[in-house]
Amino acid sequence: MRYISYLAVLLVLSLHGSGQKKTIAQKVDSVLRLMTLEEKVGQMNQYNGDWEATGPITKDGDKQNQIRRGMLGSMLNVTGVEHTRELQQMAMQSRLKIPLLFGQDIIHGYRTTFPIPLAEAASWDLAAIGQSARVAAKECAAAGVHWTFAPMVDIARDPRWGRVMEGAGEDPYLGSLIAAARVKGFQGGHLGDTDAVMACAKHFAAYGAAIGGRDYNSVDMSLRSLWEYYLPPFKAALDAGAATFMNSFNDLNGIPATANGYLLRDILKGKWKFQGFVVSDWGSVGEMINHGYVNDNYGAAKAASIAGCDMDMESRSYIKNLATLVKEGKVPLAVVDEAVRRILTKKFEMGLFDDPFRFCNDARAAKEWNNAENLAKARTMAEKSIVLLKNERNVLPISKTTKTIALIGPFIKGIRDNLGFWSYEWPDDSGRIVSAWAGVQKKLGSGTQLLYAQGCGVTDSSRAGFDEAVAAAKNADVVVMQVGEARDMSGEAKSRSSIRLPGVQEDLIKAIQATGKPLVVMINAGRPLIFNWTADNVPAILYTWWLGTTAGDAIADVLFGDYNPSAHLPMSFPRSEGQIPVYYNHFSTGRPAKNDHDLYYVSAYTDLPNDPKFPFGFGLSYASFTYGDIKMSSAVLKPGQSVTATITITNSGRVDGEETVQLYIRDMVGSVVRPVKELKGFKKVSLKAGESREVSFTIAPNDLRFYNDKLEYVFEPGDFKLFIGGNSRDVKEAAFILKAD
Ligand code: BGC
């Protein structure tokens, strides 16, 4: 239904009157002039819906009246053509008929679930990641959603933090590229297209550094670390056009992020000139009372609005206090006007003043409902996300003519677990989501017999199913196990102090391994887990994360060699929780250990090596890649110039494969000490069996910048090392000198 709002008519009339085309800024000002203070504050107010994705549950009369009185700017968790239309119709009964914005956590898909974001990050494939966000946007935009609360761009070095599953891992360079790819994917060609949703870079800022990996916890960090590691993906999201930002729950060095003027006014809206608007996190304005930062919601509304938080998600602090605060002269009207201007600008850009219902479209929603193209893209993304961690004796890929395969473990026949945290359930899920069992079954002909045993539950301590599982293994030629975390074990408020394989799952692996049968273990998880025994003893390991709707198909493609694994870890995998945080771009210290056995008054643990079990960037292929030596175009780099590092990569395996060639540098001496390695580039290269190819990286002084102790972004002359390899540990090395002139 095409709907021209009262306001749109007013604006069109004034536009004709002046004979000029109004800019969005002028239109926003015209609206602002018509608004009462209470209506302005209403635009800064966001409520959760009384609806669940699948249908209405209760209807809160007060909310509906508030919508009709123009006291609400946005709602979250309201999706579906029917529900969004119903609420928007209420907004159209308000005096000024300002349309509502509908926001939703579309984190890795809506109708079609893609792999969890951390898994997608393992693909290092920016085009595929962008494509995943594009599909999510198309599907939800047809169902009335205008705005996704994604991407989460928090750098995270602590796998105890359950929300690592939502981000792109530990590295600011990779994280920035992925942040930009996701923003562009969600927002499409142009905000205002009906297949584009507004992106929201979250959580601003440093949420990933919560102390002890405990969700919502405090963050205490140097401003240098903030600028160097935690802010770059936000800047990249902004540069890619992110329409909105979301505050984080944590305090940063004692000031809650929601009322952090340094973050919001000085950096985001000041130095970075962000033109969109900032939404609080759920209730985070009111939570400043618990932080001990303000006395009450009145104080919270004052602190957050002045600091630059434009919209209050669910705490009701603004709607109850902001108008009074303005009338009392405690919050300048200009603060409210600025926030409303930002919010209205986005509503205009989204075309909602022209047609508030343009995103609820039955025909488009139906087209996206069972869309084979979207499912195919999800399968490709899932294949690209699976990391091959080990493959001794070429246990993988499994021959399709194998006579008997035993499929064992608590997830083999799992359906909804494949979706991971932050996903949507649909009534037809059981027929739609592909389990590993179903994927393998579809792949193989009648010549292969499949045996099944669950073996054990995810977290329970019972070994009652072990005997049946061992018997199945003994009767098989090859055994494939699927173990790991349930989908709700990694995600928001899912911090864990132990990140081992839960329950008796590793004991089950030991029992199956003892049969001597060729064994493949697949690990589902939303975070790096610790599974040292498995890593040391089982010949073949695939890290399968949570892969989404088409999980089983992608798994079968990899198990049987129709897809050759190409993913690389976006986070270091620790050997023990005591090692956390363990990350590749650490400093050297004054007493670096010479090797794993060096314990003589050096920076080391006496009971385990410093390095992680699997390093950042690690990932194998059914092919094997050998690296030649690095050739530098010059040993000297000068301002205004660049040097090129070239290396020859050979696929020395028997099958075609894809390698992610990674470039790291080390600035040997700095006015502040520099990390032992920093990722500065990567290239994905497909090589036929036996093929060799030269791969080159160009480095300019700008690539060597860092934040000095005055927070200036500088490069400093001196010696640099340069490394190229297939992960952050196994690299070839060269050197160059950066000269001052
Ligand atoms: C999360 C956000 C999310 C919001 C709305 C919060 O608890 O931290 O990431 O967007 O809820 O669901």
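Computed from a predicted structure; not experimentally measured.

**Quick look at the overall build of the protein**
- If you tally the helices and strands in the protein, you get 23 helices and 29 strands.
- Its C-alpha atoms give the protein a radius of gyration of 27 Å, near enough to 27 Å, the size a compact globule of 741 residues would have.
- Going through the 741 residues of the protein one by one, you find that 62% of them count as buried.
- Partitioning the contacts of the protein with sequence separation of at least 6, the portion at a separation of at least 24 is 78%.
- Carbon and sulfur atoms form 50% of the exposed surface of the protein, whose accessible area is close to 26,800 Å².
- In the protein, 83 side chains carry a positive charge and 81 a negative one; their mean positions are 3 Å apart.

**Details of the site of the ligand**
- Taken together, Leu 76, Asp 105, Phe 149, Arg 163, Lys 202, His 203, Met 246, Phe 249, Asp 281, Trp 282, Met 313 and Glu 492 are the residues near the ligand.
- Contact distances for the ligand include 2.5 Å between an oxygen atom and a side-chain N or O atom of Asp 105.
- Between Asp 281 and the ligand, the recorded distance is 2.6 Å, taken from a side-chain N or O atom to an oxygen atom.
- The protein chains hide 94% of the 310 Å² of surface that the ligand would expose on its own.
- Each residue belonging to the shell around the ligand can be placed in one class, and the counts come to 6 nonpolar, 1 polar and 5 charged.

**Observations concerning the nonpolar core**
- Counting residues in hydrophobic clusters, the biggest one holds 156 residues, and the most contacted among them are Ile 408 and Phe 531.
- The biggest single contributor to this core is helix H15 (residues 333-349), with 7 residues.
- Setting aside residues up to four positions removed in sequence, Phe 531 forms contacts with Leu 389, Leu 501, Glu 506, Ile 523, Ile 541, Tyr 543, Phe 573 and Phe 614.
- In this structure, Ile 412, Ala 540, Leu 547 and Tyr 563 belong to the second largest nonpolar core, which totals 30 residues.

**So, the sheet that holds strand S4 (residues 74-76)**
- A sheet is described by the order of its strands in space; here 5 strands give the open sequence S6-S5-S4-S1-S12, paired in parallel fashion. The sheet terminates laterally at strand S6 (147-148) and strand S12 (312-313), the two strands that pair on one side only.
- Where S4 and strand S5 (residues 101-104) come together, 3 bridges link them in parallel fashion. Within the sheet, the bridge partner assigned to Met 75 lies in S5 and is Phe 102.

**Focus on the side chain of Gln 187**
- Secondary-structure assignment places Gln 187 in helix H8 (residues 172-187).
- Within the structure, the side chain of Gln 187 is placed 2.8 Å from the backbone oxygen of Gly 241, a separation counted as a polar contact.
- Apart from the residues lying within four places of it in its own chain, the contact partners of Gln 187 are Arg 134, Ala 196, Val 197, Met 198, Ala 199, Gly 241, Ala 242 and Ala 243.

**Examining helix H7 (residues 126-141)**
- Taking 1.5 Å per residue as the helical rise, H7 with its 16 residues ought to reach 22 Å, and the 22 Å between its terminal C-alpha atoms agrees with that figure.
- Buried residues dominate H7, accounting for 12 of its 16 residues.
- All of the buried residues along H7 are Ala 128, Ile 129, Gly 130, Ser 132, Ala 133, Arg 134, Val 135, Ala 136, Ala 137, Glu 139, Cys 140 and Ala 141.
- The distance from a side-chain oxygen at the start of H7 to the backbone nitrogen of Ala 127 is 3.3 Å, and the residue carrying that oxygen is Asp 125.

**Examining the domain arrangement of the protein**
- Taken as a whole, the protein is organised into domain 1 (398-563) and domain 2 (625-738).
- Look at where the C-alpha atoms of domain 1 and domain 2 centre, and you get two points 37 Å apart.

**Some points on unusual backbone geometry**
- The step from Lys 202 to His 203 runs through a cis peptide bond, and the omega angle for that step is 0°.
- Inspection of the secondary structure assignment puts His 203 in strand S7 (residues 200-204).
- Residues Phe 204 and Ala 205 are joined by a peptide bond in cis, for which omega reads 5°.
- Secondary-structure assignment places Ala 205 in the loop between S7 and helix H9 (223-230).

**Considering the pairing of strand S23 (residues 657-667)**
- Counted residue by residue, S23 has 11 buried out of 11 residues, so it is predominantly covered.
- Of the two faces of S23, the one carrying Gly 657, Glu 659, Val 661, Leu 663, Ile 665 and Asp 667 and the one carrying Glu 658, Thr 660, Gln 662, Tyr 664 and Arg 666 are both buried.
- By the bridge criterion, 9 bridges tie S23 to strand S24 (residues 678-687) in an arrangement that is antiparallel. Residue pairing for S24: Val 661 is matched across the bridge by Lys 683.

Definitions and cut-offs
- Residues numbered from 1 in each chain as written.
- Predicted model: local features only at pLDDT ≥ 70, side-chain atom pairs only at ≥ 80, totals over all residues.
- Heavy atoms only, no water.
- Helix = DSSP H or I, 4+ residues; strand = E, 2+ residues; numbered from the N terminus.
- Rg over C-alpha atoms; globule rule 2.2 N^0.38 Å.
- Buried < 20%, exposed > 50% of the residue type's maximum accessible area, 1.4 Å probe, protein only.
- Contact = heavy atoms within 4.5 Å.
- Areas by Shrake-Rupley, 256 points an atom, 1.4 Å probe, with all protein chains shown as cover.
- Lys, Arg positive; Asp, Glu negative; His and termini not counted.
- Charge placed at Lys NZ, Arg CZ, Asp CG, Glu CD.
- Near = heavy atom within 4 Å.
- Polar contact = N/O pair within 3.5 Å; in protein donor to acceptor, adjacent residues only side chain to side chain.
- Nonpolar A, V, L, I, M, F, W, Y, C, P; charged D, E, K, R; others polar.
- Core = buried A, V, L, I, M, F, W, Y, C linked by side-chain atoms within 4.5 Å.
- Pairing = 2+ DSSP bridges.
- Expected span 1.5 Å × (residues − 1).
- Domains from an automatic or database assignment.

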